[in-house]
Amino acid sequence: MIYADYNGSAPLHPKVTEYLINRIPNGPYANPNAIHSMGRKMNFGMEKCRTICANLLGAQVSQVSFNSGASEGISHVFHSVLSDRKDGKNIIITSGIEHSAVLNACSYYSENRGYKTLVVDTLESGVIDFKHYTKLMKEHKGKVALVSIMAANNETGVIQPYKEIATVSEEMGSEFFCDTTQYVGKTEFNFKDSNVDYAVISGHKVGAIIGSGILLAKTNHQMKPLIFGGAVQEYGIRGGTQNYIGAETLAVALQAFESDKKELKRVSELRVQFEQNMKKKYPGLYIVGENANRLANTTMVSNPGIHGQAVQIELESNDIFVTTSSACSDNEPVTSKVLKSMGIDDKVGRGIIRISFCTGTTAQTYKQVEEALTNAYEKLAKIHSY
Ligand code: PLP
């Protein structure tokens, strides 16, 4: 079986599995807010995890709050920055390649709370049009409440100029939320150096357990709780008994990435080799973001005329699991909104498949995918599905 949907959800990192195998049967379990010694022990453990995560992410300990994942973090940022503004700033700037958690938050605040959302253009490479972004920021200086642009796209893997976006946002007096869900755990990230105001991490994208996550906020005390609860829980900005097991797995997974990251160059070379081999066989093959700076693990290709979903099913019959766009929009067999915003037409869009691996991927795995994909294209070319 070859699982090639790490951008959708990563299996537990082997080190996390090993950790949990000891942790689950042996405990300890207790409410980390209780003052008995068991509770204090849990609290101590959780705070140790917070310190580990903060150090690995280049953040201060007080900037790290644990939550359930990226969608929660995104809603939390939008709610905190936009729900109760009194300074007249009424513009949100985002891009057309954002995850639906961001785009739907923008729609909510535009449709119900009087904000205007402006969308930065995307270039065909998959990178946002930085000139257009700067133009919008200058035109609306003093009115932009929030900039929300991601660090790396979940479908294409294309990396965005988020540090430069942060600099402009700061100069223009706006707050910048960067959706780092796909970036963290796949390449180096340092919160302090990035100069972004808010970032998010999703446990199930980095090999920790599902339902765990981190919100990084430059100034945590400005956050307004989405979930009300005890004042001591997550600095009072996120109520509910903390998911301390989730926090532990986040610390283990992020630590594991520290040694895995030396594999990134190798994985990136394997990906490039795979794409070149496929292109040699199929000169009409479209590689999304081919010349852009991309995450090492992500390939998105289309062989126009051969339907992506047919390819997906064909690969699945060989126990190879890919998606046609992102996991969330895979049930819509149309060109994804991300690709559309890059100007990619249906001819390419309908043929798309996404292959996303982890840092441990081997040459053998890529070889198997190459063979299976070639077989699928050969078989399906006879049918010519669109
Ligand atoms: N942002 C991006 C870029 C994503 O890829 C995802 C997940 O697919 C999310 C946000 C939402 O993450 P979660 O599943 O942790 O809520």
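Before any of the text, the structure's been laid out above.
Given the structure is predicted, the values throughout are model-derived calculations rather than measurements.

*Asks:* I'm lost on the pairing of strand 5 (residues 144–148) in this one. Help?
*Replies:* One face of the sheet, then the other: side chains in a regular strand alternate in exactly this way. Counting buried residues along strand 5, five of its five residues qualify, which places the element largely inside the surrounding structure. Where strand 3 (residues 91–95) meets strand 5, four bridges bridge the pair, whose relative direction is parallel. Note on strand 5: the bridge partner recorded for Ile92 is Leu146. Pairing analysis gives three bridges linking strand 5 to strand 6 (residues 175–178), with the strands arranged parallel. Across the sheet, the residue bridging to Val147 is Phe176, located in strand 6. For the crossover from strand 5 across helix 6 (residues 162–171) to strand 6, the handedness is right-handed.

*Asks:* What's the story with the side chain of Gln182 in this structure? I'm lost.
*Replies:* Positionally, Gln182 belongs in the loop between strand 6 and helix 7 (191–194). In this structure the side chain of Gln182 is engaged in a polar contact, spanning 2.9 Å, whose partner is the backbone oxygen of Asn7.

*Asks:* Just to check I follow, could you spell out the site of the ligand for this structure?
*Replies:* Taken together, the neighbourhood of the ligand is formed by 13 residues, with Ser71, Asp179, Gln182, Ser202 and Lys205 sitting nearest. Taking His99, its side chain carries an N or O atom lying 3.4 Å from an oxygen atom of the ligand. Between the ligand and the protein, one listed contact pairs an oxygen atom with a side-chain N or O atom of Ser202 at 2.6 Å. Compared with its free state, where it exposes 400 Å², the ligand has 88% of that area covered by protein. With three residues, helix 3 (residues 70–82) is the largest single contributor of residues to the shell around the ligand. For the shell around the ligand, a count of residues per class yields three nonpolar, eight polar and two charged.

*Asks:* Looking at this structure, how should I read the sheet that holds strand 4 (residues 116–120)?
*Replies:* Paired through their backbone hydrogen bonds, the strands of a sheet run either parallel or antiparallel. Sheet architecture is open: seven strands sit in the order 2-8-7-6-5-3-4, paired in mixed fashion. Looking along the sheet, the strands with just one partner apiece sit at the ends: strand 2 (64–67) and strand 4. If you compare each strand with its neighbour and ignore which way they point, the axes differ by 20° on average. Across the sheet, helix 6 touches strand 5 and strand 6, and the angle it forms with strand 6 is around 160°.

*Asks:* I'm lost on the pattern of salt bridges in this one. Help?
*Replies:* For side chains of opposite charge, pairing can occur when their charged atoms come near one another. For the structure on display, the rule yields 20 salt bridges. Glu47 is the partner of Arg50 in a salt bridge, and the nearest nitrogen-oxygen pair spans 2.8 Å. In this pair, Arg50 and Glu47 are both assigned in helix 2 (residues 37–57), three residues apart and thus about one turn of the helix distant. For Arg50, a relative accessible area of 2% translates into the label buried. Residue classification places Glu47 among the partly exposed positions, given a relative accessible area of 28%.

*Asks:* How should I be thinking about the environment of Leu264 in this particular structure?
*Replies:* By secondary structure assignment, the location of Leu264 is in helix 10 (residues 264–281). The exposure class assigned to Leu264 is buried, which follows from its relative accessible area of 15%. A sequence separation of 43 residues divides Leu264 from His221, and the C-alpha atoms of the two residues are 36 Å apart. Once residues within four sequence positions are removed from consideration, Leu264 is found in contact with Lys186, Thr187, Phe257, Ala296 and Thr359.

*Asks:* Would you mind going over the sheet that holds strand 10 (residues 298–302) with me for this structure?
*Replies:* The strand order 9-10-12 describes an open sheet built from three strands, whose pairing is antiparallel. Looking at strand neighbours, the two that pair on one side only are strand 9 (286–287) and strand 12 (352–356), the edges of this open sheet. Pairing geometry for strand 10 and strand 12, over five bridges, is antiparallel. Each residue of the ladder has a partner; that of Met300, found in strand 12, is Arg354.

*Asks:* How do you make sense of the nonpolar core when you look at a structure like this?
*Replies:* Side chains of nonpolar character tend, in soluble globular proteins, to be buried together. One finds Ile93, Tyr133, Ile214 and Leu216 to be the most contacted residues of the largest nonpolar core, which totals 64 residues. For this core, the element with the highest residue contribution is helix 9 (residues 244–260), accounting for eight residues. Ranked by size, the runner-up nonpolar core spans 24 residues in total, among them Ile2, Leu315, Tyr366 and Val369.

*Asks:* Please explain the layout of surface pockets as it appears in this structure.
*Replies:* Empty space among the atoms becomes apparent when a probe as large as a water molecule is rolled across them. Volume-wise, the largest pocket comes out at about 360 Å³. As for the largest pocket, its lining consists of 23 residues, and the residues nearest its centre are Tyr6, His13, Asp260, Cys358 and Thr359. Elements with a contribution of two residues or more to the lining of the largest pocket: helix 8 (203–206), helix 9 and helix 10. When residues of the lining of the largest pocket are assigned to their parent elements, the largest contribution, three residues, is made by helix 9. Taken together, the residues of the lining of the largest pocket break down into 14 nonpolar, six polar and three charged.

Rules used throughout
Residue numbers run consecutively from 1 along every chain, following the written order of its sequence. Residue-level local features of this predicted model are given only where pLDDT is at least 70; pairs of side-chain atoms are given and counted only at 80 or more, and the full residue set underlies all totals for whole chains, interfaces and linings. To obtain the side-chain values, all non-hydrogen atoms of the structure were included, while hydrogens and water were left out. Remark: exposure states derive from per-residue accessible area (1.4 Å probe, protein chains only) relative to the maximum for the residue type, with buried under 20%, exposed over 50%, and partly exposed in between. For helices the rule is a DSSP run of H or I covering at least 4 residues; for strands it is a run of E covering at least 2, with both sets numbered from the N terminus onward. Pairing between strands requires that DSSP locate at least two bridges from one strand to the other. For the handedness criterion, the strands are oriented away from the viewer, and a crossover whose path from the first strand over the helix to the second runs clockwise is classed as right-handed. Whenever two N or O atoms come within 3.5 Å, that pair is a polar contact, provided that in protein one can donate a hydrogen and the other can accept it, and provided that, for residues adjacent in sequence, both atoms are side-chain atoms. Whether a residue is near a molecule or strand depends on its heavy atoms: if one lies within 4 Å, it is near. For the area figures, the Shrake-Rupley method with a 1.4 Å probe applies, and any residue is considered shielded solely by the protein chains shown. Only Asp, Glu, Lys and Arg are considered charged, only Ala, Val, Leu, Ile, Met, Phe, Trp, Tyr, Cys and Pro nonpolar, and every remaining residue, Gly among them, polar. Axes here refer to lines fitted to C-alpha atoms; in helices the fit is confined to the stretch in contact. Angles between the N-to-C directions go from 0 to 180 degrees. Contact definition: two residues touch when any of their heavy atoms are within 4.5 Å. Salt bridge criterion: a side-chain nitrogen from Lys or Arg within 4 Å of a carboxyl oxygen from Asp or Glu. Buried residues of nine kinds, namely Ala, Val, Leu, Ile, Met, Phe, Trp, Tyr and Cys, make up a nonpolar core once their side-chain atoms join them within 4.5 Å. Any residue with an atom within 4 Å of a point lines the site, the site being either a cavity, points on a 1 Å grid over the protein atoms alone where a 1.4 Å probe fits but cannot get out, or a pocket, an open set with protein on both sides within 12 Å along at least 5 of 7 lines. Grid points are joined across faces, edges and corners, and a volume is the space filled by probe spheres set on the points.

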